[in-house]
Amino acid sequence: MQLITCPWCGDREEIEFHYGGQAHIAYPEDPYALDDEQWAQYVFFRDNPKGPFAERWVHSAGCRRWFNAVRDTVTHEVLAVYQAGAERPAITSTAKGQEASR
Amino acid sequence: MNTPFRAPGHGRVDRDTALSFTFDGTAYTGHPGDTLASALLANSVHHVADGIKYGRPRGILAAGAEEPNALVQIEAPFPEPMLTATTLELYDGLVARGLSGQGKLAAEPDTARYDTMHAHCDLLVVGAGPAGLAAALAAARTGARVVLVDELPEPGGSLLGSQELIDGAPALTWVDEVLTELADNPDVQVLSRTTAFGHYDDGLVLALEKRTDHLGAAAPAHVSRQRIWRIRSRQIVYATGAYERPVAFDNNDRPGIMLAGSARTYLNRFGVLPGSRAVVFTTNDSAYPAALELADAGVRIAAVVDVREEVPEHWRTACAERGIGIRAGHVVTGTSGIEHVTRAHVAPFDQGNLGERQGVDCDLLLVSGGWNPAVALFSQARGTLRYDAGIGAFVPADGPGNVRTAGAAGGTFTLSGCLTDGVDAARQALSAIGRTGPETAPPATAPLPGGAPTRVLWRVPSPQDADDSPEGAVQFVDLQRDATVSDVLRATGAGLRSVEHVKRYTTIGTAHDQGRTSGVMTSGIVAEALGVDVADLGTTRFRPPAVPVSFAALAGRNRGELFDPVRVTAIHPWHVEHGALFENVGQWKRPWYYPRAGETMEEAVLRECRAARTGVAMMDGSTLGKINVQGPDSGVLLDRLYTNLMSTLKVGRVRYGVMCGADGMAIDDGTVIRVAEQEFLLTTTTGNAAKVLEWMEEWLQTEWPDLRVHLTSVTEHWVTIPLVGPRSRDVLALVAPDLDVDNDAFPFMSWQDTSVAGVAARVCRISFSGELAYEINVPAWYGITVWEALCAAGSGFGLTTYGTETMHVLRAEKAYPIIGQDTDGTVTPQDLGMSWVVSKKKPDFVGKRSFSRAENRREDRKQLVGLLPADERVLLPEGAQIIATSDIPEPPVPMLGHVTSSYRSDALRRTFALALVRSGTRRIGETLYVPLDGRAVPVTVTDPVLFDKEGARRDG
């Protein structure tokens, strides 16, 4: 059971959170300017990298706030959390060990 | 009390107290401090079980958790399957029997309590042997918060089973001093009988504490029997020790064959002699202390068979002093004896060739093939392993920054090395978290005589003159799985090249012991067979749990009523009192129907339906999800999330709405009322309330944070009572005297605040049945009062209470879909025949763009239709498939759709169903078929609305 740091509440167990998929996918400015394939890219297609991945999480059983996290999909380590709407922090590789990320 | 196999002056058992126990139907005695295994050996019981596949007699190989053979089932005082005799603490009244691989779960419920504790610390030390104790002590002296867990009943680890000295005194004196100091430190917690079994994400370590198992029937009922510790530590030191590795040779599975270090443990910890005449077969120095200590305790050592040509001088001397002959450069090639080993076959072994064999009589054959560090937890922590050719084992390489090993777990096998390693590991761990303190020096140990390196030997070749069975057919690798060298060779012969594949092909390492004695040996044998370096081959991956853990322990207190929260409405006690049967809807208990005496469910539901359609009926609808939406931009948000227009709704009015995902599929529906200019209240499907709130928050927070809207769940604040039927207006008028219930004054899809039974209430004209209906909402505290007032007011009209089943029948007759029952995430509002709820005016809303995708415009999409079975008594099962022909063709059968809802209708006087059918709308009027019990039941496709299609009934 992992601890995830909610930007509003601090470290909480992962069961309090729900996963919201890839972060920084904006709703298209004008959906009707997109052809079906472009629209399908928005609706159905997401990245699936091995390594750091910017994701959305919601603290469902806590403050109910959505936020973003960079998580390493290999180790599950959460490398950074930041508020929705903020820039993705520049993290390209996994820091080793827990202490390094805190 | 003594028995011939108890060594006077040895062991830590309490010989003044006798414990009676029964094994395989025979009564024996043992002592406090014994395990079942040590007590059996003391009684000269060696054959404890039979192999699972070949039924060969099996004995006790080890003295701890690595035991592959001696599985037992406890019969009394409480039944428990699959325990190792070597870890089962003896208690008075124990009744057990040996198991051939498989246990039997108890038929009666377990009345014991189980619970869970959380611990948080700076340093977790797993294992209270020399390295772990040294680490815990060094850390504790810096003021760190330390948790030390150890699987044995008392700390000491390997020191309990040896005769080594620390600071010139018996090692256990030092152990006692350390424990006294730790006990006095309020920041240290020492947990004995506690096995760390899993290292999970984020360094969460789970450990199982067996709190009262060792007390048997005397265990107090108020103390939990087992406890799961959830330990979060900033740093972890795994001082988990090492397991001795056997060597494979012919007939290496007989009772009386034991690991050398385990025999030493039986002598020193339990005062038990596992035999009277022993042959010791070794590849390394560690078997010599075992041979010497056993010899000094009275065991005749018939021979030490050392595969190495060179044996260190001090071992030669010590053996010579005791008249023990060493056969250097020899191996044991096989054994004799069925029930018990009677002879070891010994032969010279030179360059892989066996010389002439000679038999050596013995009743105990001790084996040491070297030691494997216990790296399971380190490996679970994503620590990597490397092969150390010097010891023939995998040792920790790189680990995460917060995890280290110490002592034998790291491949350090000397006592002085372990003590130093423990102190060093603690210091490194504390320095990693920036904690410093007084340095602790490791205690002094006796200087070590020079040793000779281990000769890595996985298996001894079968003698040439052995029978014509396949190579290695009686050389056992995994004793519990009865898997042999020949099985491994068959796997490599079949082309398997990975130890992971060999593991799955042979099942080696998949038993309760997780391959502690067989895993590395398998890697060695596979490497030899393939002609590759075992360092490149590697070993199988370790996964939690490292030891078997019962589901009862994992569940802890979360069982029965505490397993999942049960949600009940404010009126629940009334439903119970009036005989309702309940249906689980999410976590809610909802009244399903209210049978009268002698009434079947079918009869009750038909009666309830009739009341709603012909008189008046009411139900408890409080479980509907309710979300309060407030703020100046509330209308904008709802316009973007519902398919229809909500911002134009006038205060005092109600509108039905559907929400879709971005893919255009319906995800929920419900009503929206406008409470005030800047406030709406919307309802959701009962089981979907949390999901819808999360969905709305998601868009509000992540896409449109500029919208000034706040969302609040108010589900539990309101009791909601639908009052339904042609006479509902009459009943409402009686309890709401201030309300003008006339249809013009209070039209359909409007709401009014008034007083119902003297309680402030909001009454809505909403119908989920097609009948004239009111939805009465009052604060939950007044729920029962208002409910009972309605009962009283309605008694003159035959007011009937109804449950969810009747609600479903009534709504299905009108084709009101249940999202999640009549839909499955691939159904659009248009598929449901509800194009009318999709706004054409709004420039955009979530899902709109997807409606124009080619896939969503296909004419052969599945659409919601009604089905009328030709035989009006046939009730189609929900989920039944629909086909086009009366003959059921050979598979694959082309399927047109499935039945989503199916009921008996009082109003229609027949059965009916709703279904999703490919091109359903176009098929109205066609006959299709539903395969049922081997025949195809003909059904007519109809418009989904089967009752009062023109809506004549809604105004009464």
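Residues numbered from 1 in each chain as written. Chains lettered and ligands numbered in written order. Predicted model: local features only at pLDDT ≥ 70, side-chain atom pairs only at ≥ 80, totals over all residues. Heavy atoms only, no water.

**Quick look at the overall build of chain A**
Reasoning step 1: Counting its secondary structure elements, chain A contains two helices and six strands.
Reasoning step 2: Traced from its N-terminal end to its C-terminal end, chain A shows the element sequence β-β-β-α-β-β-β-α.
Reasoning step 3: The buried share of chain A, taken over its 102 residues, is 40%.
Reasoning step 4: For chain A, contacts bridging at least 24 residues in sequence account for 41% of all contacts bridging at least 6.
Reasoning step 5: In the structure as shown, chain A presents an accessible area of about 5,700 Å², 50% of it carried by carbon and sulfur atoms. (Helix = DSSP H or I, 4+ residues; strand = E, 2+ residues; numbered from the N terminus. Buried < 20%, exposed > 50% of the residue type's maximum accessible area, 1.4 Å probe, protein only. Contact = heavy atoms within 4.5 Å. Areas by Shrake-Rupley, 256 points an atom, 1.4 Å probe, with all protein chains shown as cover.)

**Here's the deal with the overall build of chain B**
Reasoning step 1: A tally of regular secondary structure across chain B gives 21 helices and 50 strands.
Reasoning step 2: Against the compact-globule benchmark of 30 Å for 956 residues, chain B has a radius of gyration of 38 Å, which places it well outside the compact range.
Reasoning step 3: If one aligns the C-alpha atoms of chain B with their principal axes, the spans along those axes are about 115 × 70 × 55 Å.
Reasoning step 4: Considering chain B as a whole, with its 956 residues, one finds that 58% of them fall into the buried category.
Reasoning step 5: For chain B, the share of sequence-separated contacts (at least 6 apart) that also reach a separation of at least 24 residues comes to 64%.
Reasoning step 6: Accessible area of chain B: about 37,400 Å², with a carbon and sulfur share of 51%.
Reasoning step 7: Side-chain charges of chain B comprise 90 positive and 114 negative groups, with the mean position of each set lying 5 Å from the other. (Rg over C-alpha atoms; globule rule 2.2 N^0.38 Å. Lys, Arg positive; Asp, Glu negative; His and termini not counted. Charge placed at Lys NZ, Arg CZ, Asp CG, Glu CD.)

**Overview of the pattern of salt bridges**
Reasoning step 1: By the definition in use, this model includes 54 salt bridges over all chains.
Reasoning step 2: Among the ionic pairs, Glu-698 of chain B bridges to Arg-56 of chain A, the shortest N-O distance being 2.4 Å. Taken together, the residues span two chains, with Glu-698 of chain B in helix α17 (residues 689-703) and Arg-56 of chain A in strand β4 (residues 52-58).
Reasoning step 3: Between Glu-500 of chain B and Arg-504 of chain B there is a salt bridge, and its shortest N-O distance comes to 2.9 Å. Of this pair, Glu-500 of chain B and Arg-504 of chain B are both found in helix α10 (residues 499-506), four residues apart, which corresponds to roughly one turn of the helix.
Reasoning step 4: By relative accessible area, which is 49% here, Arg-504 of chain B ends up partly exposed. (Salt bridge = Lys/Arg side-chain N within 4 Å of Asp/Glu carboxyl O.)

**Examining the domain arrangement of chain B**
Residue and element names in this part refer to chain B.
Reasoning step 1: Once the domains are mapped, chain B shows domain 1 (113-243 + 371-450 + 546-561), domain 2 (572-622 + 717-811), domain 3 (626-713) and domain 4 (858-956).
Reasoning step 2: Taking only C-alpha atoms into account, the centre of domain 2 sits 26 Å from that of domain 3.
Reasoning step 3: With 15 residues of domain 2 at the contact, the number on the domain 3 side is 14 residues.
Reasoning step 4: Interface of domain 2 and domain 3: buried area, both sides summed, is about 1,200 Å²; carbon and sulfur atoms make up 62% of it.
Reasoning step 5: Its largest share of buried area at the contact with domain 3, domain 2 owes to Met-749, Trp-751 and Arg-762, together 47% of the area lost on that side.
Reasoning step 6: Across the domain 2-domain 3 interface, the total number found is zero salt bridges.
Reasoning step 7: Joining domain 2 to domain 3, the criterion identifies six residue pairs in polar contact (both at pLDDT 80 or more).
Reasoning step 8: Broken down by secondary-structure element, the contributors of at least two residues to the side of domain 2 that touches domain 3 are β33 (588-593), β40 (718-724) and β42 (759-764). (Domains from an automatic or database assignment. Buried area = accessible area lost by both parts, 1.4 Å probe. Polar contact = N/O pair within 3.5 Å; in protein donor to acceptor, adjacent residues only side chain to side chain.)

**Here we look at the nonpolar core**
Residues and elements named next belong to chain B.
Reasoning step 1: Counting 55 residues, the largest nonpolar core has Phe-21, Phe-23, Leu-36, Leu-94 and Tyr-266 as the members making the most contacts within it.
Reasoning step 2: Dropping the residues within four chain positions of it, Phe-23 is found in contact with Tyr-28, Leu-36, Leu-40, Val-48, Val-72, Ala-96, Arg-97 and Gly-98.
Reasoning step 3: In this structure, Leu-681, Val-714, Val-724 and Ala-812 belong to the second largest nonpolar core, which totals 43 residues. (Core = buried A, V, L, I, M, F, W, Y, C linked by side-chain atoms within 4.5 Å.)

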